[in-house]
Amino acid sequence: MSGFTGTFRLVRLALRRDRITLPAWILGMAGFLAATTAMFEDSYERHPQLLEPDTRIVVENPGMRVLGLVTGSSVGGYTLHRDALTLAVLAAMMSVLAVVRHTRQSEELGREELLGAGVVGRYASLTAAVLVALAANVVLVVLLGLGMVVAGQPAAGSLVAGASIALVGVAFTGVAAVTSQLASTARGAIGLAGAGLGVSFMLAALGNMLGTVDSAALRVTSAWPAWLSPIGWGQQLRPFADNTWWPLGLAVVVLASLCSLAVVLVGKRDVGRGMWPERRGAAHASPALLSSAGLVWRLQRGALLGWVIGLLGFGLVFGALSDQIGGLEGEATEWYTTFGGDVDLLGAYWASMMQMAGMAVAIYVVTLLLRLHHDEAQGELEAVLGTAVSRVRWLGAYAVNALVGSVLLLLVFAVAMALTGGQVLGGTGSLLRDLIGAALIQLPAIGVLGAAVVTVIMLLPRWSVGLSWALVVGSVFAGPMFGPSLGLPTWLVDLSPFTHVPNAPAVDPTIGPIFGLCLACGLLTAAAVLLLRRRNLTLPA
Amino acid sequence: MTTAIAVSGLVKDFGPRTRALDGLELQVETGEVHGFLGPNGAGKTTTIRVLLGLLRADDGHVALLGGDPWHGAAGLHRRLAYVPGEVNLWPNLTGGEVIDVLGDLRGGLDPHRREELLERLQLDPTKKIRAYSKGNRQKVALVAAFSSDVELYLLDEPTSGLDPLMEAVFQDLVQELRADGRSVLLSSHILAEVEALCDRVTIIRAGRAAESGTFDDLRHLTRTSVVVDTAKPLGSVGQWPGVHDARVHDRHAELSVDPGELNHLLGRLVDLDVRSIITSPPTLEELFMRHYGEDIAVSARDAAEAVMAR
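Residues numbered from 1 in each chain as written. Chains lettered and ligands numbered in written order. Predicted model: local features only at pLDDT ≥ 70, side-chain atom pairs only at ≥ 80, totals over all residues. Heavy atoms only, no water.

## Some points on the sheet that holds strand 2 (residues 18-28) of chain B
Residues and elements named next belong to chain B. Across the sheet, which stays open at both edges, the three strands sit in the order 2-1-4 with antiparallel pairing between neighbours. Every other strand in the sheet has two partners, leaving strand 2 and strand 4 (59-64) as the edge strands with one partner each. Strand-to-strand twist in this sheet, taken as the mean axis angle between neighbours without regard to direction, amounts to 25 degrees. Pairing analysis gives eight bridges linking strand 1 (residues 5-14) to strand 2, with the strands arranged antiparallel. Across the sheet, residue Ala-6 finds its bridge partner in strand 2, namely Gln-27. (Pairing = 2+ DSSP bridges. Helix = DSSP H or I, 4+ residues; strand = E, 2+ residues; numbered from the N terminus. Axes fitted to C-alpha atoms, helices over the stretch in contact; angles between N-to-C directions.)

## Regarding the nonpolar core
The nonpolar side chains of soluble globular proteins are, as a tendency, buried together. Core analysis: the largest hydrophobic core is formed by 208 residues, its most contacted members being B:Ile5 and B:Phe146. Residue contributions to this core peak at 15 residues, all from helix 15 (residues 345-378) of chain A. If we skip the residues at most four places from it in the chain, B:Phe146 touches B:Arg113, B:Leu117, B:Tyr153, B:Leu155, B:Phe170, B:Leu173, B:Val174 and B:Leu177. Listed in part, the 12 residues of the second largest apolar core include B:Leu234, B:Val237, B:Ala253 and B:Leu265. (Core = buried A, V, L, I, M, F, W, Y, C linked by side-chain atoms within 4.5 Å. Buried < 20%, exposed > 50% of the residue type's maximum accessible area, 1.4 Å probe, protein only. Contact = heavy atoms within 4.5 Å.)

## Section: the packing of aromatic side chains
All names here are of chain A. Counted under the stated rule, the structure contains 12 aromatic pairs over all chains. When the ring of Phe-32 is compared with that of Phe-477, the centres are 5.5 Å apart and the planes differ by 65 degrees; the resulting orientation is edge-to-face. On the criterion of sequence distance, the pair formed by Phe-32 in helix 2 (residues 21-46) and Phe-477 in helix 20 (residues 464-478) is long-range, its members being 445 residues apart. Here Phe-477 falls in the partly exposed class, since its relative accessible area comes to 24%. Judged by centre distance (5.8 Å) and plane angle (0 degrees), the rings of Trp-227 and Trp-246 are stacked. Taken together, the residues span a long stretch of sequence, with Trp-227 in the loop between strand 2 (220-221) and helix 11 (230-236) and Trp-246 in the loop between helix 11 and helix 12 (247-268) at a distance of 19 residues. A relative accessible area of 32% means that Trp-227 is categorised as partly exposed. Here Trp-246 falls in the exposed class, since its relative accessible area comes to 54%. (Phe/Tyr/Trp six-rings, centres within 6.5 Å; stacked < 30°, edge-to-face > 60°.)

## A short note on helix 10 (residues 186-209) of chain A
If you check helix 10 of chain A, its first and last C-alpha atoms are 34 Å apart, about what 24 residues at 1.5 Å a residue would give, namely 34 Å. Listed in full, the buried residues belonging to helix 10 of chain A are A:Ala186, A:Ala189, A:Ala193, A:Leu197, A:Ser200, A:Phe201, A:Ala204, A:Ala205, A:Gly207, A:Asn208 and A:Met209. (Expected span 1.5 Å × (residues − 1).)

## A closer look at the domain arrangement of chain A
Here chain A is partitioned into domain 1 (1-277) and domain 2 (286-541). Of note, the centres of domain 1 of chain A and domain 2 of chain A, computed from C-alpha atoms alone, are 27 Å apart. (Domains from an automatic or database assignment.)

## Brief notes about the interface of chain A and chain B
With 40 residues of chain A in contact, the opposing surface of chain B contributes 38 residues. Summed over both partners, the interface of chain A with chain B buries about 3,500 Å², with 54% contributed by carbon and sulfur atoms. At the boundary of chain A with chain B, the tally comes to three salt bridges. The salt bridge partner of B:Asp124 is A:Arg280, with a shortest N-O separation of 2.2 Å. The interface formed by chain A and chain B holds 21 residue pairs in polar contact (both at pLDDT 80 or more) in total. (Buried area = accessible area lost by both parts, 1.4 Å probe. Salt bridge = Lys/Arg side-chain N within 4 Å of Asp/Glu carboxyl O. Polar contact = N/O pair within 3.5 Å; in protein donor to acceptor, adjacent residues only side chain to side chain.)

## Considerations on the sheet that holds strand 12 (residues 252-257) of chain B
Residue and element names in this part refer to chain B. With antiparallel pairing, the four strands of this open sheet are ordered in space as 11-12-10-13. For this open sheet the edge positions go to strand 11 (243-249) and strand 13 (274-280), each flanked by a neighbour on one side alone. Each strand of the sheet is rotated relative to its neighbour by a mean of 15 degrees, with strand direction disregarded. The pairing of strand 10 (residues 224-230) with strand 13 spans six bridges and is antiparallel. Following the sheet pairing, Ser-225 is matched in strand 13 by Ser-280. Running at roughly 165 degrees to strand 13, helix 9 (residues 262-270) makes contact with strand 10, strand 11, strand 12 and strand 13 of the sheet.

Structure, rendered in structure tokens:
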């Protein structure tokens, strides 16, 4: 019996388990790309003379290059610039979650033990997980390409576009294979791979921002940091222009090396354990841990630290870009004016960055609040409510942490942005004051989304994870960053809480929308509390 | 002195088709150790979760320490400690931290008692929860519960992962609670444990209390088994009133007899010149098997019907 015995059977088991999940990821991404391509195709069919100037803006503006590259003027290339980063992150997450689901998570939940007791080789689970993730990425190439072809783009470029996205998924399949060996929990393995994705994004963004623009202003040659990042490699395929295939080889080499490393690690460790040995901890709880809020703080402080570092990095980068905004023209200017920048383009830039930070912090809050459901479904809640903690106090512990976490993250972002922004523009003191105000004004909208998620958890616990993420994605896409550009109807745009956030510091905030958001947050919270007090808990059997 | 737990006519449904508890009666007096016996799926854990106010009773009356667990859960929980059957805790905290957190959320624990219990149960508090086996996770919950000075202990199959040595320690601990006048509801299917510890038992089957009382009460409700040798042939002993399951071999018989009929049977056996006789009261195992056995019979019949229906 070799170390790979049983791989084929495990592949079938994994495919059976993922028969809904993986198709949903792939079809969702392909549908999103097809829809946005059709939208841009339609708009440039009516105004073809705008395509080249619009492309120049994207190429020349370093801020826009953070999102990706456009080479030459084509509708496909222009669309892909808008979608590429989102899709690349989704492809990476799809792959990471699939690999972790069939390796580390299986081990954590004790399933691996049962499988390993059968006629199954030591490396079979890992191999099966990698094969399944790889197959998903191959299907992704085809369907993404098909999505663009259907929306009227040339076949060769469309296929390369699909490959430029799936390449990131392939590389992160390898990353997850290794992080699943390092961390001893699924959460840890996903977090490590996610940190890798963040670094990969930063390198690609930095490389593109420092890149040089050719004389026609239709091509960026990226600086070296972009070549250290799978997201950067994907961009170097330059779909609809060069249609280069060879950077795909880099991803395959990375996948092969990381998988070999993972196989070596599997051979060196015990089933159920990570490579990092289990450290001993305190025999007594510290006083800070001894309250329900303190317990929640302890459980999520690691994740919060990651978010602090991320928002600190983005704040510093986006603040440093402040002096580039004055030189903007054309469509980019129009986009910023939707944030109230008729007179004050710089203010509009800051307002848009603060809204972006607000949405990011909302995602953090949702991950935190979904632990409410996790506690309940995994059974930790039973132990807590068996003590003198009431249901409402348990909810309150999470609410306090959500509030403290949001304020902290928004402040970190605002201060970071003000420091580098003040550095390039001068006037750090007043900028600091303006940006902190603009950051904290995001809180009511974050609160509405958080309260809505809690209400969903109380109302439909079994469906709450999917519904909550649908709410987040819906609010972000219907919100001011994308809603108007995507041509969504006004009523839909108005449903997103982010639409109602005042565009500070460009415009002085008015009390009306803030009051409305606070009211909505309060009503949803009251509904959640009522539901929580009335319903049965869905504890494990 | 109020009753620690008084449950009457308790009904709990999970959806329109699943009735988990069907008119359950359960009475735990203050200061007694009460055994709560039943096969898997009989409704023991559901009952305890209703008692804790985690699930809402659909019908019937539930009083815990004189209060209503659904409305006054948090206040009542200061006066009780709970050990769940499946101990799910935070994998990244240490055992010691979890003990302190749970104790503190309940309103404080006795640090000396905590050290003593860690010693007696031989639990290392510096390990992370994820590194513990099931038995050790159970010890964490036991230490957290027994370090608290409370009136009532709800223990849901607390020893299913413990080794025999630790099982003995656990029994000592419960005996000490009883001597101290605490009330305990001990759900279990380890019969020896229940027999050793409990003053009274309730046997639950398919969501109802099948029987309830002291062991003596229950024994009196159940047939005594008799093995007898006589000088004269036993013949038609199988047809005598109150006699069941008789296996007769000429002058030797093994049979069981209804509770009220033992004296009558002895009277008639004397006429056959008894050489030796052994009568044994039913063990708890036999009591339990009588109810459990019906369950097995019922589920076998259901399964057969399900097969026929296809």
